[in-house]
Amino acid sequence: QLQLVESGGGLVQPGGSLRVSCLASGARLDYYNIGWFRQAPGKGREGVSCISGAGLSTNYADSVKGRFTISRDNAKNTVYLQMNNLKPEDTAVYYCAASAVNYCRRGTLNIGMDVWGKGTLVTISS
């Protein structure tokens, strides 16, 4: 049974950087497209980025394009989200999720995901 665990959240000043990680267990990570999502207080969950099984396709929400980079190391069963030039509006709980559908190459950030992690909190504040 696939399980996902996020880590790496914390408090960062505006303009700073942070890398969050998504560690998978119970199944081979390369079988899955992985998406990063976030939910800020009082707002709905939004798709942030996605990456295909081999890492050949990636997509980003307009709000993070040019600042965030998604990557994966299938040998370590881990997907990363490198976040640079962070803004207060990036404050949210960040979730990773897996899908057996090869959706990311289609340019879609939001589909029905199969497995979710519990999230890691990222706070951008002075």
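Residues numbered from 1 in each chain as written. Predicted model: local features only at pLDDT ≥ 70, side-chain atom pairs only at ≥ 80, totals over all residues. Heavy atoms only, no water.

Attention now moves to the sheet that holds strand β3 (residues 18–25). Here we have four strands laid out as an open sheet, ordered β1-β3-β8-β7, and antiparallel in their pairing. Both edges of this open sheet fall to β1 (3–7) and β7 (68–73), since each of them pairs with a single strand only. Averaged over neighbouring strand pairs, the angle between their axes works out to 15° when direction is ignored. Pairing of β7 with strand β8 (residues 78–83) involves six bridges; the strand directions are antiparallel. Residue pairing for β8: Arg72 is matched across the bridge by Val79. (Pairing = 2+ DSSP bridges. Helix = DSSP H or I, 4+ residues; strand = E, 2+ residues; numbered from the N terminus. Axes fitted to C-alpha atoms, helices over the stretch in contact; angles between N-to-C directions.)

A few words on the side chain of Ser99. Mapped onto the secondary structure, Ser99 falls in strand β9 (residues 92–99). Judged by its relative accessible area of 0%, Ser99 falls in the buried class. Looking at Ser99, its side chain comes within polar contact range of the main-chain nitrogen of Val101, at 3.1 Å. What Ser99 contacts, discounting residues up to four positions off in sequence, is Tyr32, Asn33, Ile111, Gly112, Met113 and Asp114. (Buried < 20%, exposed > 50% of the residue type's maximum accessible area, 1.4 Å probe, protein only. Polar contact = N/O pair within 3.5 Å; in protein donor to acceptor, adjacent residues only side chain to side chain. Contact = heavy atoms within 4.5 Å.)

Counting residues in each nonpolar core, the largest one holds 36 residues, and the members touching the most others are Ile34, Trp36, Phe68, Val79, Leu81, Met83 and Tyr94. Where this core is concerned, the elements lending two or more residues are β3, β4 (33–39), β5 (46–51), β7, β8, β9 and β11 (120–124). When residues of this core are assigned to their parent elements, the largest contribution, five residues, is made by β9. (Core = buried A, V, L, I, M, F, W, Y, C linked by side-chain atoms within 4.5 Å.)

Attention now goes to the pattern of salt bridges. Inspection of the entire model under this criterion finds five salt bridges. With a closest N to O distance of 2.9 Å, Arg38 and Asp90 form a salt bridge. On the criterion of sequence distance, the pair formed by Arg38 in strand β4 and Asp90 in the loop between β8 and β9 is long-range, its members being 52 residues apart. The class for Arg38 is buried, based on a relative accessible area of 6%. (Salt bridge = Lys/Arg side-chain N within 4 Å of Asp/Glu carboxyl O.)

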